Every structure is written in structure tokens, then in C-alpha cells.
Amino acid sequence: MMIVGQHHIGIAVENLDAALAVYRDQLGLELDHIESVPDQKLRVAMIPLGDETIELLEPTDDESPVAKFLAKKGEGFHHLALEVRDLDAMLEQLKTRGVRLIDEEPREGAGGTRIAFLHPKAGRGVLLELVENPS
Ligand code: CMX
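A quick note: this is a predicted structure, and the numbers were derived from the prediction, not measured.

## Here we look at unusual backbone geometry
Then comes step 1: Its identity is not glycine, yet Lys-41 carries a phi of approximately 55 degrees, on the positive side.
Then comes step 2: Tracing the chain through its elements places Lys-41 in the loop between strand E2 (33-37) and strand E3 (42-49).
Then comes step 3: Note on Lys-41: relative accessible area 35%, which makes it partly exposed.
Then comes step 4: Residues other than glycine seldom take positive phi values, yet Arg-124 does so here, at roughly 55 degrees.
Then comes step 5: Tracing the chain through its elements places Arg-124 in the loop between strand E7 (114-117) and strand E8 (127-132).
Then comes step 6: Judged by relative accessible area, Arg-124 falls into the exposed class, the value being 74%.

## Details of the nonpolar core
Then comes step 1: The biggest cluster of nonpolar side chains holds 11 residues, and these are Leu-82, Val-84, Leu-87, Met-90, Leu-91, Leu-94, Leu-101, Ala-116, Leu-118, Leu-128 and Leu-130.
Then comes step 2: Going through the elements one at a time, strand E5 (76-84), helix H3 (87-96) and E8 are the ones with two or more residues in this core.
Then comes step 3: With 4 residues, the top contributor of residues to this core is H3.
Then comes step 4: Counting residues in hydrophobic clusters, the runner-up holds 10 residues, among them Ala-12, Val-37, Val-44 and Val-66.

## Topic: the pairing of strand E4 (residues 52-59)
Then comes step 1: Counting buried residues in E4 gives 7 out of 8 residues, a clear majority hidden from the surface.
Then comes step 2: Here 5 bridges tie strand E1 (residues 3-12) to E4, and the two strands are oriented parallel to one another. Following the sheet pairing, Gly-10 is matched in E4 by Glu-55.
Then comes step 3: In this antiparallel pair of consecutive strands, E3 and E4, the connection spans 2 residues, and Gly-50 shows a positive phi of 60 degrees.

## Re H3
Then comes step 1: Taken as a whole, H3 has its buried residues at Leu-87, Met-90, Leu-91 and Leu-94. Down the axis of H3, the buried side of the element spans an arc of 95 degrees, and every buried residue falls inside it.
Then comes step 2: In the core, the buried residues of H3 are packed alongside E1, E5, E7 and E8.
Then comes step 3: For H3, the N-terminal capping position is held by Asp-86, with its side-chain oxygen 3.3 Å away from the main-chain nitrogen of Asp-88.
Then comes step 4: Following H3 by one or two positions, Gly-98 adopts a phi angle in the positive range, close to 75 degrees.

Cut-off values and rules
- Residues numbered from 1 in each chain as written.
- Predicted model: local features only at pLDDT ≥ 70, side-chain atom pairs only at ≥ 80, totals over all residues.
- Heavy atoms only, no water.
- Helix = DSSP H or I, 4+ residues; strand = E, 2+ residues; numbered from the N terminus.
- Buried < 20%, exposed > 50% of the residue type's maximum accessible area, 1.4 Å probe, protein only.
- Core = buried A, V, L, I, M, F, W, Y, C linked by side-chain atoms within 4.5 Å.
- Pairing = 2+ DSSP bridges.
- Arc of directions from axis to C-beta.
- Contact = heavy atoms within 4.5 Å.
- Polar contact = N/O pair within 3.5 Å; in protein donor to acceptor, adjacent residues only side chain to side chain.

Here you go:
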């Protein structure tokens, strides 16, 4: 089995501080850390929840994919990330199965991960991210 579990869910927000006022201060969840993801023009706040994580996504630039999403749909659920053991092998398998990909090759994600996105049309309206944790 190539997919080993859910890795995180991404929630697009206009402002991390305002979002943390809800998720951390009102709901009482613990903020693990905030980091920049320059490749995606984002700042992300990682909030562990059991074995999974909520990732709050704040764009740092109008060209960020999340800025475009916010302009079109507003704040809310953005993507579902699934953990895979071998991202290269998974992408090869998806290509042979004709799945529409955004990333044909892995790129660098938050926390030293390797990531790749499927097109939302392939996920039936859900943007799917594949994540391989650093070994
Ligand atoms: N969830 C569901 N559908 C989405 C979506 C999302 N997050 N983002 C875009 N779409 C839909 C659009 O609504 C549009 O649908 P329609 O054709 O029905 O209108 C379609 O996908 C294409 O969108 P678009 O506006 O024409 O094209 P964009 O320039 O917005 O690009 C996408 C869309 C998915 C290719 C781009 O956002 C992308 O490359 N995303 C991957 C990178 C990313 O989102 N990174 C953030 C997370 C980073 C992390 O976790 O590290």
C-alpha cells in the first residue's frame, strides 16, 4: 500500500494571527510552530491533532496559489494531504494510471518533506497533496 495515512488538512486563512485566535486561543489547540514555505509563498501554522495536523495557510504574496484561492472562494478547507512512503514510485504509478497531476516531480514542502499535488479535478473537487516525510 503506497498511501499510509492522512498527513494533514490545509485551511486557507487571510491572517494567521486571526486564525490562531480561534484554533489556539478559543478551541485550546496547541500551536507547534509557524514556518515559511517560500516555494509556495506561504506562512503556515502547524497545529497537531492526534496523529494528524491542521495546517493554517496564510499567503505572503498575491501570486501564492492560496491568495488566488482566497480571492475566488474565501477562507476555508483548502487541501487534504496523504502520507506516502515512496513519493517517486507513487507519482510513477499515478502517471501510468493517467491521473491529472500538478507536479510531475516532487518539490520541497514544509518541515523537510517532499510533496506533490494532484489536480483538484482528479480529486473530484478536492486538492490532494502527497507527502513523503524525511527519513
Ligand atoms: N480545492 C478545490 N478546488 C480548487 C482549489 C482547491 N484548493 N484550488 C483551485 N481549485 C479549482 C478552481 O476552483 C478551478 O475550478 P473550476 O475550473 O471549476 O473553476 C480549478 O481548480 C482550476 O483553478 P484555476 O483557478 O483555474 O487555476 P489556479 O491558477 O487557481 O490553480 C491549482 C489551481 C490547484 C493548479 C493551484 O492552486 C496549485 O497549483 N495548487 C497547488 C499548490 C498549492 O495549493 N499549495 C498550497 C499548499 C502548500 C503546502 O501545504 O505546503
